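Structural characterization, general
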Amino acid sequence: GINAEYGATTWSPLYINLGQVYRIAKQYDQAIKCFKHAQFLACDNSTVYTGLGFVYALQGKAIEAVEYCHKALDKARQDPFTLQLLEMSLTALAGSEGKSDDDEPEKLDDRKLKVETNTPTIF
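Presented here is a report on the structure given in the accompanying data block.

Scoring rules and cut-offs
Residues numbered from 1 in each chain as written. Predicted model: local features only at pLDDT ≥ 70, side-chain atom pairs only at ≥ 80, totals over all residues. Heavy atoms only, no water. Salt bridge = Lys/Arg side-chain N within 4 Å of Asp/Glu carboxyl O. Helix = DSSP H or I, 4+ residues; strand = E, 2+ residues; numbered from the N terminus. Buried < 20%, exposed > 50% of the residue type's maximum accessible area, 1.4 Å probe, protein only. Core = buried A, V, L, I, M, F, W, Y, C linked by side-chain atoms within 4.5 Å. Contact = heavy atoms within 4.5 Å.

Observations concerning the pattern of salt bridges
Overall, the coordinates contain 2 salt bridges when judged by the stated rule. A salt bridge links Asp44 to Lys75; its shortest N-O distance comes to 3.4 Å. Of this pair, Asp44 sits in the loop between helix H2 (28–41) and helix H3 (46–58) while Lys75 sits in helix H4 (residues 62–75), and the two are 31 residues apart along the sequence. Look at Asp44 and you get exposed, because its relative accessible area is 57%. Close ionic contact of Lys71 with Glu67 constitutes a salt bridge, the shortest N to O distance being 3.5 Å. Placement of both Lys71 and Glu67 in helix H4 is noted, with a separation of 4 residues, approximately one turn of the helix. Exposure remark for Lys71: the relative accessible area of 32% places this residue in the partly exposed category.

Focus: the environment of Leu86
Positionally, Leu86 belongs in helix H5 (residues 80–96). Its relative accessible area of 10% is what places Leu86 among the buried residues.

Regarding the nonpolar core
Membership of the largest hydrophobic core comes to 23 residues, with the highest contact counts inside it found for Phe35, Leu52, Val55, Tyr56 and Leu85. For this core, the secondary structure elements donating two or more residues are H2, H3, H4 and H5. Looking at this core element by element, the count peaks at 8 residues for H3. In contact with Phe35, other than residues within four places in its own chain, are Ile16, Gly19, Gln20, Val48, Gly51, Leu52 and Val55.

Structural data, given as structure tokens:
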């Protein structure tokens, strides 16, 4: 378990960063577990919701990606990365209309995410 001595402010960023490592390694289920754990520890952190949205988009789960992007934008309204991720997820969702459930979902190509910002990002 988590040592109560350090608290959520110490552990949440570690789980977020570990989630990013798993995402980069394409171990998406592990990434989701880490982001969910960080969400439990620090539910007001927009990075957690953006991370979850990103992983779901990479898995081709556009509905979940859109849901988590909206949650992230509730916390950080003008985050350029999340706004671009939301736009791409909505486009994927619109493109999936009319497809059967047997069709492979459209997955996000993370190389297309290019956000110019002055603030450092872990994505």
